[in-house]
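So you can see what is in the structure, the chains are spelled out below.
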Amino acid sequence: MNPHAKLICTMSLLMGTTITVSSNHWVMAWTGLEINTLAIIPLISKPHHPRAIEASIKYFLVQAAASALILFSSMTNAWATGQWDITQLSHPLASTLLTTAIAMKLGLVPFHFWLPEVLQGSSLITALLLSTVMKFPPITILSMTSHSLNPTLLVIMAIASAALGGWMGLNQTQTRKILAFSSISHLGWMAIIIAYSPKLTLLTFYLYSLMTATVFLALNTTKTLKLSTMMTSWTKTPMLNATLMVTLLSLAGLPPLTGFLPKWLIIQELTKQEMAPSATTMAILSLLGLFFYLRLAYHSTITLPPNSANFMKQWYINKSTNTPTAILASLSILLLPLSPAILTVI
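Remember, predicted model here, so these are calculated numbers, not experimental data. (Residues numbered from 1 in each chain as written. Predicted model: local features only at pLDDT ≥ 70, side-chain atom pairs only at ≥ 80, totals over all residues. Heavy atoms only, no water.)

A. Spotlight on the UniProt feature "transmembrane region" (unreviewed entry) in the protein. When the UniProt feature table is mapped to this numbering, "transmembrane region" (unreviewed entry) covers residues 57–80, 92–115, 152–171, 178–196, 202–219, 240–261, 281–304 and 325–343. End C-alpha to end C-alpha, residues 92–115 measures 28 Å, and it is 71% helix and 0% strand. Here residues 240–261 runs as 68% helix and 0% strand, with 24 Å between its end C-alpha atoms. (UniProt positions renumbered as here; feature names shortened; annotations may be inferred. Helix = DSSP H or I, 4+ residues; strand = E, 2+ residues; numbered from the N terminus.)

Given below as structure tokens:
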């Protein structure tokens, strides 16, 4: 891809995200989302492969439909109340329409069908952007309107997302699809708590982005797209694969790793809100995710590839240490002891 085009797309992504996050008016928020969508499409279709073109078309159609629904929702609210301010969303129909539109943007069940296909058709770095950066503006809009959303609808969608994300990830062999279903499952955890504690949703999103970025960058270093490739990658980069295994366990939410913090806080908050059955259901459904994260960890470090000879066929990659991956991996594993400091911030 032309460096100038790549620079324009990256700057547009940053600008679109900033406009949406900092806006109070519905039209400005919608404009930012549109800039984001138009900036990511060249990055998805960059490989010129039929799967990449298909992924970019699917992504464009879903995002265009979601943007139209956001406009319709804001106009319905403005017609009924005379308000274009994002925080003044008080009309019930507008609130339901907005929840539907944001669910389409994020990939929450039952609007999740596009996410695994689009991630599978993208490169690993583009899939990382789709899983983290592109989800930040819609989650910000949800947090700004959290006081007027329908909690029952959000809880149903959240439990369905956690269940489907767990079940569908069990039999996948492609790493990008596994991470797409992992994303759907984590979005369920964010959606269930947003009506009660928007700051906790944002904290969950930040930590999820941190851990997912580590996993995608590690997979990109070894160019791992399938589980069968992952089985042989440990001979090339043993330390990176060991770090990847611990990060995957953190993503699964095992203590004493970073990923345990958001799940612990969400279950605690749900119990305070007298929603113990929902908290129990989410905790049980997270075991499905734990299974396929363990499967990934098993393939990355414990499995030996079938080898007729007695020597290693793969040589070490003589690359310098990737500093961003090292920093992100450290944060993905070691943040739990800092939870008192994190809690004072939120």
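B. Region of the structure containing the packing of helix α4 (residues 92–106) against helix α7 (residues 136–144). Remark: α4 packs on α7, axes separated minimally by 9 Å, with the N-to-C direction vectors making an angle of 155°. When the interaxial angle is binned, α4 and α7 end up roughly antiparallel. Crossing of α4 against α7: the hand is left-handed. For the pair formed by α4 and α7, the contact residues are L98, I102, K105 and L106 on the first element and P138, I139, I141 and L142 on the second. Of the residues assigned to the contact of α4 with α7, the class counts are seven nonpolar, no polar and one charged. (Axes fitted to C-alpha atoms, helices over the stretch in contact; angles between N-to-C directions. Parallel < 35°, antiparallel > 145°, perpendicular 65-115°, else oblique. Left-handed = near helix turned anticlockwise from the far one by under 90°. Contact = heavy atoms within 4.5 Å. Nonpolar A, V, L, I, M, F, W, Y, C, P; charged D, E, K, R; others polar.)

C. Examining the environment of T301 more closely. With respect to the element layout, T301 can be found in helix α14 (residues 276–302). For T301, a relative accessible area of 26% gives the class partly exposed. Sequence separation between T301 and G32 is 269 residues, and the spatial gap between their C-alpha atoms is 42 Å. In this view, T301 contacts N241, A242 and M245; residues no more than four positions away in its chain are not counted. Within polar-contact distance, the side chain of T301 engages the backbone oxygen of A297 at 2.9 Å. (Buried < 20%, exposed > 50% of the residue type's maximum accessible area, 1.4 Å probe, protein only. Polar contact = N/O pair within 3.5 Å; in protein donor to acceptor, adjacent residues only side chain to side chain.)

D. How the structure looks around the domain arrangement of the protein. The domain boundaries assigned to the protein delineate domain 1 (1–136) and domain 2 (150–345). Taking only C-alpha atoms, the centre of domain 1 and the centre of domain 2 are 23 Å apart. Counting residues at the interface gives 26 residues for domain 1, matched by 30 residues for domain 2. Of the roughly 2,300 Å² buried at the junction of domain 1 and domain 2 (both faces included), carbon and sulfur atoms supply 77%. At the junction of domain 1 with domain 2, the criterion picks out one salt bridge. Of the charged contacts, one joins K177 and E117 as a salt bridge, the two residues approaching to 3.5 Å between their closest N and O atoms. Taken together, the links from domain 1 to domain 2 amount to five residue pairs in polar contact (both at pLDDT 80 or more). When residues of the side of domain 1 that touches domain 2 are traced back to their parent elements, those giving at least two are α4, α5 (114–121) and α6 (124–131). Considered class by class, the residues forming the side of domain 1 that touches domain 2 number 14 nonpolar, ten polar and two charged. (Domains from an automatic or database assignment. Buried area = accessible area lost by both parts, 1.4 Å probe. Salt bridge = Lys/Arg side-chain N within 4 Å of Asp/Glu carboxyl O.)

E. A look at helix α10 (residues 198–222). With 25 residues, α10 ought to run about 36 Å at 1.5 Å a step, and its terminal C-alpha atoms sit 37 Å apart, in line with that. Where burial is concerned, most of α10 is hidden: 21 out of the 25 residues are buried. Note on α10: the residue one or two positions beyond its end, K223, has a positive phi of about 55°. (Expected span 1.5 Å × (residues − 1).)

F. Looking closely at the pattern of salt bridges. In total, this model carries four salt bridges according to the counting rule given. Its salt-bridge partner being R51, residue E117 comes within 3.6 Å of it at the nearest N-O pair. Placement of E117 in helix α5 and of R51 in helix α3 (residues 50–81) is noted, with a sequence separation of 66 residues between them. In this structure E117 comes out as partly exposed when scored by relative accessible area, which is 26%.

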